[in-house]
Each structure stands twice: as structure tokens, then as C-alpha cells.
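Residues per chain are reported as follows:
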Amino acid sequence: MSLVAAFADITRSGFPLSASGEGRDLPNAFWNSYVYWLPPGLLGLALTLFYLNPFIGDWDALDYTISSLKGEPSPMALGRSLFTLFNFALYTFAHKVFGVGPDKAYVLFKFAVVAQVPLAVIMCWILARDLTRSLSAATLAGLMIAVSPVVVLYGSQVMTEVPSLWLLAAALIVHLRGLKSRRVWLVLGGAALLGLAVNLRETNAFYFPWLALAPFVAGWKFNRRTIGIVAASLLVFILFAAGPFALWFALSAGYRAQWYIWLDSGRREAARHPFTLSNLKPFFAYFFLVAPVVFVSLPFALFNEWRQRRWRLLLLAAGVGLFANVTLISYYSTVINWRYFVTGLPAMAPLAANFLLNPGTARLKSPRLAFASLMALLLVVALSMGVLLRTR
């Protein structure tokens, strides 16, 4: 089966859903649930346009733009070739059809990222829906993504954060659907998509524990067949993650020379920012800024989920997302850059949303009132963060 078929499976109905995670069933077809996923997607787009960056973005954005115009990977890390080559194809088309010049290429690339903001939010909504089996929890999780300052600010820059977010969520959705339906081709397709996501942002590689553990948490038997499928999915993941870079590195002497320059620069930068206990301060500060509600509620959500249900996929996803973020503490750039912490957000937000919704419903005696109250909380926090960021 093709990866196109895997993507098509994302928007098909999957599991019985209800607004609160239990009780009466609601129509679970994606298009019938638009009142749940469309508002977060539109909010994310509106916030991105409101905070639209008039310039190209970070220094990395200039590197991406140059590489995209050349039609080659960036010399940084594993090249982020999926981003630069997509931009190259987009520019080639726009140049031939509309006469867009290289001096306006960054505008084209920037608005291509803007267009992907609602896609990223909606993909995260689908992932949350499939994990929590709750439309309301999924909507809260989608709002957490939509109002994240990193998504808002980097959603209008020539950067890989937003494209990486939606492809990461899509990979987890496809893999999860494969686990639930026992369709091996979807499991392998999800692994391939996760590997491709590494070609947008290398930190997505820290989701590899999901591929190894999720089948067993999903109830697959611990036998030779399952172990073989897990091994095959890890092999596919590695192939799609490292293959494009390895191929380009082997075939292009010019690219190798540029990559070694980047490597030397990275080593010198790492020496200037060695790992110390003082790294914990920016680590927690940036983690909080990326998603304040998720950061505050996650420890309680993890403990509550483990105490009540032990291992299940919702808990595993949050744990893997947390693992991805915690792993960043050893990376020198973490102490000076906050955007990396969006990596674990798609997997952590569903558990946080589900945790907040359930006691809220029990206390207020009304699912609708609990849902509305939590939406108001998220919007107030987002407004506060917006004022803070706007005045900086």
C-alpha cells in the first residue's frame, strides 16, 4: 500500500467517539465533526496572520531560502531536505507560471508555511481524537496547539517547526490506526512518515520509542511476528530518516564540504554553551512558554492516568512526547532557543486535555460547562502570553 493511501485513511472514521470520552456515541466521520476541528484550525491561522513576521525570520530561514533556491538540502544536521526540496519545487512552479523572482522567493516560502498552520492544528486534533476517543478533549488539545507561541510566531517564518508538526502528527495517526486495525501496512507507513518527519526536524527522531513500545501497549502479542513487525518498522523509520541525507552526502562533494563547515561551527558553539545544571532554568522556562497549560497539568495528568488505567496508548504517547522534550536538555542550543520544545506537544496535549476535562465535568456536573470553562481558560492564558510577547 502507498503512503498516499495511508494519508487518505487519516480522514476516515476510526473509533466510536463521544464529547466527554464516554456515554452516547457521536458521528465519528472527520467531515461531520467540523464544528470541533475547524475553530482551532482557524484560530491558529488567525493568530499567525495577526503576528505575521514582516521579515524572512531567524537566521536559519535565510539558509533554508538559499538552499531552496539551489534545490539542495540545508547543510545543517540531516539537511531538512523535505522542506528545501518542496520549496524548490514550489518556487520552480511559481517562477515559470507567475514570474516570481528569487528576490520574492522568501515571501512564497513564508506563506506556504502560513498555509500549513491550520493543517498542523487539525492533524494534532485528529491525533488527540484517536488517542482520547473524545471530540471535546481533541478540541481542547487542538486549541493548545493553535495558541502555542511557537506555532503562532514560527508559523509565519521560513522555518520547519510547523511543517514538522503536521507531518509528525500524521505519522503517529497512521501508525496508531495500523495498531488499532491490525493492518501491518499502516504500521509500516506510519514508521515511514515518521522517518520523513525527521527530514523536516531532527528532534522528531526522539519519537522512536513509540514505534518499539506502542504495539505491545495496544495489545499485540509478544511473539515472533510482532517483534518482526516492530523491527521492520524501526528499519523503515531509519531508512526514511537517514536515507535522503546519506544519499546526498555520498553523491555531492560540495554538500559534504558545506556540511563539515556546519559541523565544525556546531562544535565550537557547543563548547561555548556546555551542559551544566544551569541549563535547567531555560529548559523549564522555555518548556512553560511553549504550552503553559500543558506544562502545569502534565505531571498530574501522567500520575492520574497511571494510577487509574496503567499503560495505555494515551499515556505512552504523552510519555514519548515528554521523553522527546527532556532529551533536548543535553543539546547546547536549548539554552538559547525555545522553539525546539514544540516537538513533544502533539503527543502531550491529548493527555493534558483529557485530564482537565474529566474532573472539570465531574465537578461542574455538566460536560458542556466544563468544556466551555476550559476553553475560556486556554484563551485567557493565550491572551496573557500574547500581551507578554507583544510587549517584548
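On a predicted model such as this, the values are computed, not experimentally measured, just so you know.

## Describing helix 12 (residues 253-272)
At step 1: With 20 residues, helix 12 ought to run about 28 Å at 1.5 Å a step, and its terminal C-alpha atoms sit 29 Å apart, in line with that.
At step 2: Turning to helix 12, its buried residues are Tyr255, Trp259, Leu263 and Gly266. The buried residues of helix 12 all sit within an arc of 80° when viewed along its axis, so they share a single face. Exposed residues lying more than 90 degrees from the buried face of helix 12 are Ile261, Arg268, Ala271 and Arg272.
At step 3: Of the surrounding secondary structure, the elements contacted by the buried residues of helix 12 are helix 11 (224-251).

## Examining the nonpolar core
At step 1: With 103 residues, the main nonpolar core has Met144 and Trp210 as its most contacted residues.
At step 2: It is helix 5 (residues 105-132) that provides the largest number of residues to this core, a total of 14 residues.
At step 3: Contacts of Trp210, omitting those with residues within four sequence positions, involve Leu131, Leu172, His175, Leu176, Leu179, Pro215, Leu313, Leu316, Ala317 and Val320.
At step 4: Formed by 5 residues, the second largest nonpolar core is a distinct cluster that contains Phe245, Tyr255, Trp259 and Leu263.

## Brief notes about unusual backbone geometry
At step 1: One non-glycine residue, Arg80, adopts positive backbone phi at about 45°.
At step 2: Within the element layout of this structure, Arg80 appears in the loop between helix 3 (59-70) and helix 4 (81-98).
At step 3: The buried category is assigned to Arg80, whose relative accessible area is 7%.
At step 4: Residue Arg182 is not a glycine yet carries a positive backbone phi of 60°.

## Notes on the confidence of the model for the chain
At step 1: Here the chain averages 86 in pLDDT, and 89% of its residues register 70 or above.
At step 2: Contacts from residues 6-27, a stretch scored under 50 in pLDDT, to residues over four places away or in other chains number 61 contacts.

## Points about the pattern of salt bridges
At step 1: What the rule picks out here adds up to 9 salt bridges.
At step 2: A salt bridge links Asp60 to Arg339, with the shortest nitrogen-to-oxygen separation between them at 3.0 Å. You can see Asp60 sitting in helix 3 and its partner Arg339 sitting in the loop between helix 15 (313-327) and helix 16 (345-364), a full 279 residues away along the chain. Just as Asp60 is buried, Arg339 falls in that class too.
At step 3: A salt bridge links Arg312 to Glu305, with the nearest nitrogen and oxygen atoms 2.3 Å apart.
At step 4: Judged by relative accessible area, Glu305 falls into the buried class, the value being 2%.
At step 5: One network of salt bridges, with partners in common, ties together Asp60, Glu161, Arg201 and Arg339.

Thresholds applied
- Residues numbered from 1 in each chain as written.
- Predicted model: local features only at pLDDT ≥ 70, side-chain atom pairs only at ≥ 80, totals over all residues.
- Heavy atoms only, no water.
- Helix = DSSP H or I, 4+ residues; strand = E, 2+ residues; numbered from the N terminus.
- Expected span 1.5 Å × (residues − 1).
- Buried < 20%, exposed > 50% of the residue type's maximum accessible area, 1.4 Å probe, protein only.
- Arc of directions from axis to C-beta.
- Contact = heavy atoms within 4.5 Å.
- Core = buried A, V, L, I, M, F, W, Y, C linked by side-chain atoms within 4.5 Å.
- pLDDT = per-residue confidence, 0-100.
- Salt bridge = Lys/Arg side-chain N within 4 Å of Asp/Glu carboxyl O.

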